[in-house]
Amino acid sequence: MIQPSQITPPMSTGRARDIAGTFDLRALPADFLANPFPAYAALRESQPVRHMPDGSYFLTRHADLMAVYRDAATFSSDKHIEFAPKYGSDSPLYEHHTTSLVFNDPPLHTRVRKLIMGALTRRAIADMEPGLVTLVDGLLDNIGEQGGGDLVEDFAAAIPVEIIGNLLGVPHADRGPLRDWSLAILGALESVPTPELHLSAQRRAMRAATVGGVELPEGALVTLCIGAANRDPDAFERPESFDIRREGNRHLAFGFGIHQCAGLSLARLEGRIAIGRFLQRFPAYRLSAAPTRGGRARFRGFLKAPFVAQG
């Protein structure tokens, strides 16, 4: 039986404070990547608006993130200035990121978002449910026949690949590389990009501003730590407890304001169908080996999670 400490190892208060005191996204220790939340708590308490070694600012309080999200006129998501030296202005990554909905401001952002939302109406998403159920049940049938598999490769990652593939009309024969491409894109957004490489979004201050009592100069790069804000005790009761019935849940996992995730309703449908039907089919499943994390700070997750299917 896999113990919880093998999935999320504990961290002492002293160690969390040490990490917070020297916190630098360009040099994150392995124990932070495995369990960043104690360090986030230490940052919220001691340096909620931390001036980072590279000159940027790192925000960890829910109220401060909300203030930035609400002020799209002051905080820009445009990444041309930042990404040109990082990737090269003639690279595919630069072209992708600077034309992405996530990394743009109005009016382009408004126009593109409107087009996307037109394909993700409430009716359109409701129409996807029967096909999603069929897809999930088929994956679960395969897992049941094999007696288990990998929660990521055989189930969780397979669902969005098929859903997005269907939305974009990608032929089934060409969908194989989609997950690897998405991991490469996410890895490139790390502070120190690597091929292997939930944490944040980034807005740039277009003019001087004050956030959380700290004055930010014009041009300052601001990192919004969603993972820390979502466990802020000033915003959530018992924030460290997993509670699927939590009420008044103002979490920021899907962002907020004009940059709220356009696909959040689809993501919620996928989660409801996939998690619900998995637990109905295999209520006594167990991990057969310690899961392998992806090694990313900004977009945390697992690459592998082998398990035994048990009804």
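About the criteria used
Residues numbered from 1 in each chain as written. Predicted model: local features only at pLDDT ≥ 70, side-chain atom pairs only at ≥ 80, totals over all residues. Heavy atoms only, no water. Pairing = 2+ DSSP bridges. Helix = DSSP H or I, 4+ residues; strand = E, 2+ residues; numbered from the N terminus. Axes fitted to C-alpha atoms, helices over the stretch in contact; angles between N-to-C directions. Left-handed = near helix turned anticlockwise from the far one by under 90°. Contact = heavy atoms within 4.5 Å. Nonpolar A, V, L, I, M, F, W, Y, C, P; charged D, E, K, R; others polar. Disulfide = S-S within 2.5 Å. Buried < 20%, exposed > 50% of the residue type's maximum accessible area, 1.4 Å probe, protein only. Core = buried A, V, L, I, M, F, W, Y, C linked by side-chain atoms within 4.5 Å. Phe/Tyr/Trp six-rings, centres within 6.5 Å; stacked < 30°, edge-to-face > 60°. Lys NZ or Arg CZ within 6 Å of the ring centre and 35° of its normal. pLDDT = per-residue confidence, 0-100. Patch = residues over 30% accessible without salt bridge, like charges linked within 9 Å, V, L, I, M, F, W, Y side chains within 5 Å. Areas by Shrake-Rupley, 256 points an atom, 1.4 Å probe, with all protein chains shown as cover. Salt bridge = Lys/Arg side-chain N within 4 Å of Asp/Glu carboxyl O.

1. As for the sheet that holds strand S12 (residues 306-308)
Pairing is antiparallel in the open sheet, where three strands are placed in the order S4-S12-S9. Two strands lie at the open edges of the sheet, namely strand S4 (148-150) and strand S9 (286-287), each paired on one side alone. The pairing of S4 with S12 spans three bridges and is classified as antiparallel. Note on S12: the bridge partner recorded for Gly149 is Phe307.

2. A short note on the packing of helix H9 (residues 122-146) against helix H14 (residues 264-281)
If you want to describe how two helices pack, look at the angle between their axes and the distance between the axes. H14 packs onto H9 with a crossing angle of 35° between their chain directions and a minimal axis gap of 10 Å. Relative to H14, the crossing made by H9 is right-handed. Residues Ile125, Met128, Glu129, Leu132, Val133, Val136, Asp137, Leu140 and Asp141 of H9 pack against Ser265, Leu266, Leu269, Glu270, Arg272, Ile273, Ala274, Arg277, Phe278 and Arg281 of H14. Considering only residue class, the contact of H9 with H14 consists of eleven nonpolar, one polar and seven charged.

3. What about the state of the cysteines?
Under the counting rule described, the total for this entry stands at zero disulfides. There is no disulfide at Cys225, and the cysteine sulfur nearest it, in Cys261, is 18 Å away. The exposure class assigned to Cys225 is buried, which follows from its relative accessible area of 0%.

4. Regarding the nonpolar core
Within the largest apolar cluster, 27 residues are counted, with the highest numbers of intra-cluster contacts made by Leu132, Val136, Phe155, Ile159, Phe278 and Phe307. Looking at this core, the elements with two or more residues in it are H9, helix H10 (152-156), helix H11 (158-168) and H14. Among the elements that take part in this core, H9 stands out by supplying eight residues, more than any other. Excluding anything up to four places from it in sequence, Phe307 contacts Ile143, Gly148, Gly149, Asp150, Leu151, Phe278, Tyr285, Arg286, Leu287 and Ser288.

5. Let's talk about the packing of aromatic side chains
Note on aromatic pairs: each is described by the distance of the centres and the angle between the planes. Counted by the stated rule, this structure contains nine aromatic pairs. Ring geometry for Phe278 against Phe282: centres 5.7 Å apart, planes inclined by 70°, an arrangement best described as edge-to-face. Its relative accessible area of 5% is what places Phe278 among the buried residues. An aromatic cluster of at least three residues, connected via ring pairs, comprises Phe23, Phe32, Phe37, Tyr40 and Phe58. Above the face of the Phe37 ring, Arg231 is positioned so that its terminal group lies 3.6 Å from the ring centre.

6. Comments concerning the pairing of strand S8 (residues 221-225)
In regular strands, side chains alternate between the two faces of the sheet. Burial within S8 is extensive, with five of its five residues counted as buried. With burial as the criterion, each face of S8 is covered, one bearing Leu221, Thr223 and Cys225 and the other bearing Val222 and Leu224.

7. Description of the confidence of the model for the chain
Mean pLDDT over the chain: 88, with 94% of residues reaching 70 or higher. Across residues 193-199, confidence stays below pLDDT 50; counting only partners more than four residues off in sequence or on other chains, it has 34 contacts.

8. With respect to a nonpolar patch on the surface
A surface patch of nonpolar side chains, about 280 Å² in accessible area, is lined by Ile164, Leu167 and Leu168. Its location among the elements puts Ile164 in helix H11.

9. Side note on the pattern of salt bridges
Proximity of charged atoms lets side chains of opposite charge pair with each other. Tallied over the full model, the rule gives eleven salt bridges. For the salt bridge of Arg272 with Glu129, the shortest nitrogen-to-oxygen distance reads 3.3 Å. Take Glu129: its relative accessible area is 27%, and that puts it in the partly exposed class. Measuring nitrogen to oxygen at the nearest pair gives 2.6 Å for the salt bridge that ties Glu240 to Arg231. Glu240 sits in the partly exposed class, given a relative accessible area of 45%.

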